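Structural overview
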Amino acid sequence: MTKTPDSQIYLYDTMQRQKVQFAPSTPGHVGFYLCGPTVYSDAHLGHAKMGVAFDVVRRALLHFGYKVRFVSNITDVGHLQNDSDDGEDKIAKRAALEQLEPMEVADKYFWSFARDMENLNVMKPSINPRATGHIGEQIKLIEELIARGHAYESGGSVYFDVRSWAEYGKLSNRKLDDQEEGTREAVREEKRDPRDFALWKKAEAGHIMRWDSPWGSGFPGWHIECSAMSLKYLGEGFDIHAGGLDLQFPHHEAEIAQAEAAGHPFARHWMHNHMLTINGEKMSKSKGNFTTIQELLGKYDPMVVRFLLVSSHYRTNTEMNDEAFESARNGYRRLSEALGEIERRLRDADAPDSHDAALEGKIKAHAAAFEDAMRDDFNTPKAIAALFGLTTDLNAALNAGTPPRSTLELARDTYRTLGGDVLGLFAEGGSAAAAQDDGEVVSALMELVLKARQNYRLQKQYAEADELRDTLTRVGVTVEDTKDGPRWRR
RNA sequence: GGCGCUGUAGCCAAGUGGUAAGGCAGAGGUCUGCAAAACCUCCACCACCGGUUCGAGUCCGGUCAGCGCCUCCA
């Protein structure tokens, strides 16, 4: 059974600078390319925003009935410290620092990145190609560019001839002549124009990462891999190319030039996530104010981090500070507790075997609002608002009694589908599950303590009962007395 | 200097010209032995100044403030 894809999806295309109705070139199938990380250090919060933002887009497209081939590369060579040719390869530099082989560095941080994304409940890419595994494709593309007169060899390196390609700058709306002179370091004499960028670089003596090429021993430039690999796995004119706004220039601009100057129509739509700020400042490696995902996940539940990320739109800056995290933690708890309560009622309570048409109507209305929001350029904050509306109505109903079984099931499925499948907020092993999985010893002890406290309460020895509760509160355990007995959570 | 973005309540954050979604925090109430949770109620002169319009947070111009890219960055 195939679901008919939803045709009313609008996304903001950076190239066209407006929202456009989305229609893949092959009906029902979406080719999606996301610029992945350069694996030379642990992933930081910015990577988390990027990963989650486009994971949500992918999930939404799946939800709306599309098949998605999601390709995200791993840059493990060619990304230099700066654009002047005396820059060191980031991987190689790190390798020297950690006394590892470059490939060990790439591997180490690739797995680190993969684990972080998994923790954040980001779906694995359909294809996760590495630059070093596609040297041949990159060389071939460079040869095509040379043959067409858009690239030239010089001193063992090959450069893209920016002057030969009038459309260079169309994505970022830059005119070559407007670019500020003098911000560049030493202009390489081997370049015809200082703005020409490297497609292939000659490896100096002692350079470890090197491959044979028609131009001698060397290594590919940073930009060429994405052109080569996206075209290889998604074909010409694929649907969506995504990445961080900071890659728009020069990286994405270069990608377009490389592909199209070689005669290959490139991405039909461009999507860029905006940046993330901490206390008002962009977080980046060069600023040194970055927090790695691992550090953060030591303090906050991964689902809370994800919730905070999706509670702002991908195309706006996301501000993160302690209060924002606190807010996200409490807000997320409200959602997950509501789902937990629904599942508890389905499991434990005697739900009547009928329908509550009024409540079901409300559930469906909130679900429709959610989907409308997602269709409008993946407006996750608006979608979450619908989830909160749903939560309020359901909690009110749950306060009044236990709704009919089929109504509860509709509610559960709505949470699981929209909050879980689309926003990715209810991962296996996420906070909802983790809170209940404290191991046998803790569970048994808690049972004893709560039983003792219940006895005190029944005998109206409230001082003793409260002392137990206060002690638990001090160590971070919250006890709640409900109609069905006491309940606890961390 | 060039390109571009943003200024909405204590904090986070939506908002397609018609009189401000949502969440967190806060206040009051219901419930509770007391709490907690939940529910109900309350909580914004949309940076500033002009203009267009019957009507502007939303369009135009200007001012102020902040930020990003132009050099590695998601």
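Presented here is a report on the structure given in the accompanying data block.

Definitions and cut-offs
- Residues numbered from 1 in each chain as written.
- Chains lettered and ligands numbered in written order.
- Predicted model: local features only at pLDDT ≥ 70, side-chain atom pairs only at ≥ 80, totals over all residues.
- Pairing = 2+ DSSP bridges.
- Helix = DSSP H or I, 4+ residues; strand = E, 2+ residues; numbered from the N terminus.
- Axes fitted to C-alpha atoms, helices over the stretch in contact; angles between N-to-C directions.
- Contact = placed C-beta atoms within 7 Å.
- Parallel < 35°, antiparallel > 145°, perpendicular 65-115°, else oblique.
- Nonpolar A, V, L, I, M, F, W, Y, C, P; charged D, E, K, R; others polar.

Description of the sheet that holds strand β4 (residues 67–72)
- Within the open sheet, the 4 strands sit side by side as β4-β3-β9-β10. Their pairing is parallel. Looking at which strands have only one partner, the edges of the open sheet turn out to be β4 and β10 (269–273). Taking each pair of neighbouring strands and ignoring which way they run, the sheet shows an average axis angle of 20°.
- Pairing analysis gives 6 bridges linking strand β3 (residues 29–34) to β4, with the strands arranged parallel. When the sheet's bridge partners are listed, Gly-31 is paired in β4 with Arg-69.
- Contacts from helix α5 (residues 224–234) reach β3, β4 and β9 (240–244), with the element oriented near 155° to β4.

Quick notes on the packing of helix α2 (residues 90–98) against helix α3 (residues 102–119)
- Between α2 and α3, whose axes approach to 8 Å, the crossing angle comes to 100°. Looking at the two axes, α2 sits roughly perpendicular to α3. Contacts between α2 and α3 involve Ile-91, Ala-92, Arg-94, Ala-95 and Glu-98 from the former and Pro-102, Val-105 and Ala-106 from the latter.
- Taken together, the residues of the contact of α2 with α3 sort by class into 6 nonpolar, no polar and 2 charged.

A closer look at the pairing of strand β15 (residues 485–489)
- Bridge analysis of strand β14 (residues 478–482) against β15 gives 5 bridges, and the strand direction is antiparallel. Note on β15: the bridge partner recorded for Thr-478 is Arg-489.
- The turn linking β14 back onto β15 is made up of 2 residues.

A word on the packing of helix α10 (residues 357–375) against helix α11 (residues 380–400)
- Remark: α10 packs on α11, axes separated minimally by 7 Å, with the N-to-C direction vectors making an angle of 170°. When the axis of α10 is compared with that of α11, the two are roughly antiparallel. On α11, the residues touching Leu-359, Lys-362, Ile-363, His-366, Ala-369, Phe-370, Ala-373 and Met-374 of α10 are Lys-382, Ala-383, Ala-386, Leu-387, Gly-389, Leu-390, Asp-393 and Ala-397.
- Class assignment of the residues belonging to the contact of α10 with α11 gives a composition of 11 nonpolar, 2 polar and 3 charged.

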